[in-house]
Amino acid sequence: MSGEMWTPELAILRGFPTKAERQQWKQEGIVGSESGSFLQLLLEGSYESIFLNSVTQNILNAMTIAEEGIDSYLEKQIVTFLDYSTDLEKSERQQLIFLLGVSSLQLFVQSNWTGPPVDLHPQDFLPSVLFQQFSEAKGLDAVVLSLLILDGESVYSLTLKPILLLLARVILVNVRHKLTAIQSLPWWTLRYVNIHQQLLEERSPQLFALAEYCIDQGALGKRTRFQENYVAQLILDVRREGDVFPGYELSPAPTPQEHLTNNFELNDDTVLNEIQLADCEQFQMPDLCAEELAVILGVCTNLQKNNPVHKLTEVELLAFTSYLLSQPKFWAIQTSALILRTKLETRSTRRMERAMRQTQALADQFEDMTTSVLERLKIFYCCQVPPHWAIQRQLAGLLFELGCTGSALQIYEKLEMWEDVVICYERAGQHGKAEEILRQELEKKETPSLYCLLGDVLRDHSYYDKAWELSRHRSARAQRSKGLLHLRNREFKDCVECFERSLKINPIQLGVWFSLGCAYLALEDYGGSAKAFQRCVTLEPDNAEAWNNLSTSYIRLKQKVKAFRTLQEALKCNYEHWQIWENYILTSTDVGEFSEAIKAYHRLLDFQDKYKDVQVLKILVRAVIDGVTDRSGDVATSHRGKLQELFGRITSRVTNDGEIWRLYAQVYGNGQSEKPDENEKAFQYLSKAYKCDTQSSGWEKDMTSFKEVVQRALGLAHVAIKCSKNKSSPQEAVQVLSSIRLNLRGLLSKAKQLFTDVASGEISSELADEIAAMDTLVTELQDLSNLFRNQY
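Calculation rules
- Numbers given to residues run from 1 along each chain, matching the order in which its sequence is written.
- Predicted model: local features are reported for residues with pLDDT of at least 70 only, side-chain atom pairs are reported and counted for 80 or more only, and whole-chain, interface and lining totals are derived from all residues.
- Excluding hydrogens and water, the side-chain figures rest on all heavy atoms present in the structure.
- A helix here means a DSSP run of H or I that spans at least four residues, while a strand means a run of E at least two residues long, and both kinds are numbered starting from the N terminus.
- Based on C-alpha atoms, the radius of gyration is set beside the globule rule, defined as 2.2 Å times the residue count to the power 0.38.
- Per-residue and other accessible areas were derived by the Shrake-Rupley procedure at a 1.4 Å probe size, with only the shown protein chains allowed to occlude residues.
- Asp and Glu are treated as the negative residues and Lys and Arg as the positive ones, with His and the ends of the chain left uncounted.
- Charged groups are reduced to one reference atom each: NZ for lysine, CZ for arginine, CG for aspartic acid, CD for glutamic acid.
- Buried and open spaces are told apart on a 1 Å grid over the protein atoms alone, a cavity being a set of points where a 1.4 Å probe fits but cannot get out and a pocket being an open set with protein on both sides within 12 Å along at least five of seven lines. Residues with an atom within 4 Å of a point are the lining residues.
- Grid points are joined across faces, edges and corners, and a volume is the space filled by probe spheres set on the points.
- The angle between two axes is taken between their N-to-C directions and runs from 0 to 180 degrees, where each axis is a line fitted to C-alpha atoms and a helix contributes only its stretch in contact.
- Angles are sorted into four bins: roughly parallel if under 35 degrees, roughly antiparallel if over 145, roughly perpendicular if 65 to 115, and oblique for all others.
- Helix crossings get a hand from a simple test, with the near helix turned counterclockwise from the far one by less than a right angle marking a left-handed crossing and a clockwise turn marking a right-handed one.
- Whether two residues are in contact is decided by their heavy atoms: any pair within 4.5 Å suffices.
- Under the scheme applied, nonpolar residues are Ala, Val, Leu, Ile, Met, Phe, Trp, Tyr, Cys and Pro; charged residues are Asp, Glu, Lys and Arg; polar residues are all the others, including Gly.
- Residue burial is assigned from relative accessible area. The probe radius is 1.4 Å, only protein chains are included, and a residue is buried under 20% of its type maximum, exposed over 50%, and partly exposed in between.

Student: Could you clarify how one ought to interpret the overall build of the protein in this entry?
Tutor: For the protein, the count of helices and strands is 37 helices and three strands. A globule of 792 residues ought to have a C-alpha radius of gyration of about 28 Å, yet the protein, at 38 Å, is considerably larger. Principal-axis analysis of the C-alpha atoms gives the protein an extent of 120 × 70 × 55 Å. Accessible surface computed for the protein: about 38,500 Å², of which carbon and sulfur atoms make up 49%. Positive and negative charge centroids in the protein, built from 85 and 104 side chains respectively, lie 5 Å apart.

Shown next as structure tokens:
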């Protein structure tokens, strides 16, 4: 781009001129020029008139036509006009072609998104000789649709006036390097990218690269009628800094309310149509302009995309839609908000009936002639208004959910959405009917997508192979579907080959990369799985499952630090996924992130009340006791307080695990601390551990288990002796010592009862050392108790 911006460009982007801009155009002589007449028609919404203009006819009509594709023909005609026409200045030629490209895109949007229907045909502006190779207009449409296929992803078959999008692409993409006088061209190229992408089954790498290139350059209220008290309700509270939005004259004027889609009332006997606030004065809504409403809609869309399907998310989204619908001003915003609300309300039995009526009204508005296309296009490119067939598809989906299968099928068949037709029949249990209708359509015309669907229904690889050959090895869908069937049959090696072929055609298929990663994991090819899941998280950075699987791959590759970092990313995406937290706690301990491991253990306790992992706890205790250096270079002893807090929480829930109680005692010095209060706590925890050991079944019948319990009892006795010396009264000391003495006597009694040789009458020699130690300690405890009793 070079030079100054052509004066009308901002008005074209905005969709309307200000009074001052019109005055400036008169002064600069734009109004009386050829481009000025195109500009006037464009801003009036008379896009058809631009195509019927003699200038357009001369540009697009050639005296002779060579054997070439229609896209090549259009590009050649436009380049010829830009480079060789002598009737107009170079800059004005560029302006005319730019306006033709914008008009073509706008007219395509009107034909497929906004309505009302367009009465313009290719024969009206293209030379008749061009149509001699086609027996009917549909033949031209089929050729154009095939030219709009990108990266092996097919275009919706009933797209109307596809020639208009092709012409827009030729001007806004193919010859954009020649439109050097147009500074706002990247904006219009981005708008084209957005529209074209919505026609494709999957995301297109070509369009993604093109977009990148362009970019470089709660209140109190009532919800029900019978609610007596005002309770907290979630509403959207919007505040504006300053009193007036600057530049109101540059913002489009609101559309009269009678020209907007009707917002149906709820008419429920319980739920109110809108929240009735206790204090209406507290939440005054500022009067927002188009751009401000579009920002709120954008925030709402972002919230929807970046949060899981959850009741709380739905409530938040409904707060946004309620706010947007409370200021009905613009067709595109009203339509977007109503479509989102209907999707959310289909999950509520009390709101389903309104959702049905509202969706029907949204579908019908396309044919309605009362609202002009200019009004519908205001702020259109700031809103994700779906094409009209997507709204009809939503209506069919609603009908199907309500049990009106016949009505749903009628809509799907009319829209030629055969995949939805198949799903309808499959869910209704009519598998034979699904196959029959696909074979009927294949008799009319063979297409790769129909063969793929037949392969889906019959689970037969031969139909995917037929689709692959029919597409001349360009159908990403055929290899994708074939790979998924192999995956379902656990034929991992075959499915990897299919997925790789599909991704070679279209490398930004998120689902295929994910499935490929899973297949590589199953084959234990962890290098392959790491590469696949790395591509997943590159395409969708908030995909928690992909991050988690990537970390698994790194763990198997023994790249534990990488695994730790990827799990951190996974948790940013999904903080509520307990399996990710389990992986995170293990990886954190492995790499020496002890503080993170403690945090992860707390989080897992949030998910599972009695969660326990003794191995992790052993590692943490050992790190703190031994003063191990963590990954940051800090000594783990600094985490002692956090670890004590964690054990306090664990033992309040898991009270019957002796190993955990012993680990808890170790954190407090295991009775060998220089601090009496720590020794006292260690004694309490060791006592509980001993109680857990002796209450478990069968320990006394096994020699090894019995000896372990004896050793723990001896250790507990030594701690008791140490603690007794710091008791506040001799009575307390005697009580502690007596309790431990009873434990040891009980063990001595069990040893004689269970391990005495019947013939000799002697206790097993294996317990000789333990018996001697217990006898000695019993005597010592008795003597110490007597000393304390003398102090009474």
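Student: Sorry, what's going on with empty space enclosed by the protein here?
Tutor: If a probe the size of a water molecule is rolled over the atoms, the empty space left behind becomes visible. Of the voids in this model, the largest cavity is the one considered here, and its volume is about 50 Å³. Looking at the largest cavity, the residues that line it are W113, T114, W331, T335, L362, A363, Q365, F366, V385, H388 and I391.

Student: I would appreciate a short explanation of the environment of H718 in the present structure.
Tutor: Within the element layout of this structure, H718 appears in helix α35 (residues 703-724). It is 9.6 Å that separates the C-alpha atoms of H718 and I740, two residues lying 22 residues apart in sequence.

Student: I keep staring at the packing of helix α25 (residues 510-522) against helix α27 (residues 544-556) and nothing clicks. Help me out?
Tutor: Two packed helices can be described by the angle between their axes and the distance between those axes. Direction vectors running N to C along α25 and α27 enclose 30°, while the axes themselves pass 11 Å from each other. The angle between α25 and α27 places the two elements in the roughly parallel class. The hand of the α25/α27 crossing is left-handed. When α25 is examined against α27, the residues F514, C518 and L521 are found in contact with a partner set consisting of E545, A546, N549 and S553. Across the contact of α25 with α27, the residue classes tally to four nonpolar, two polar and one charged.

Student: For this particular structure, what's the right way to read the environment of L293?
Tutor: One can find L293 in helix α12 (residues 290-305). Judged by its relative accessible area of 0%, L293 falls in the buried class. Along the sequence, L293 and I379 sit 86 residues apart, while their C-alpha atoms lie 9.6 Å from each other. Among residues more than four places away in sequence, those in contact with L293 are L288, L324, Q327, K329, F330 and I333.

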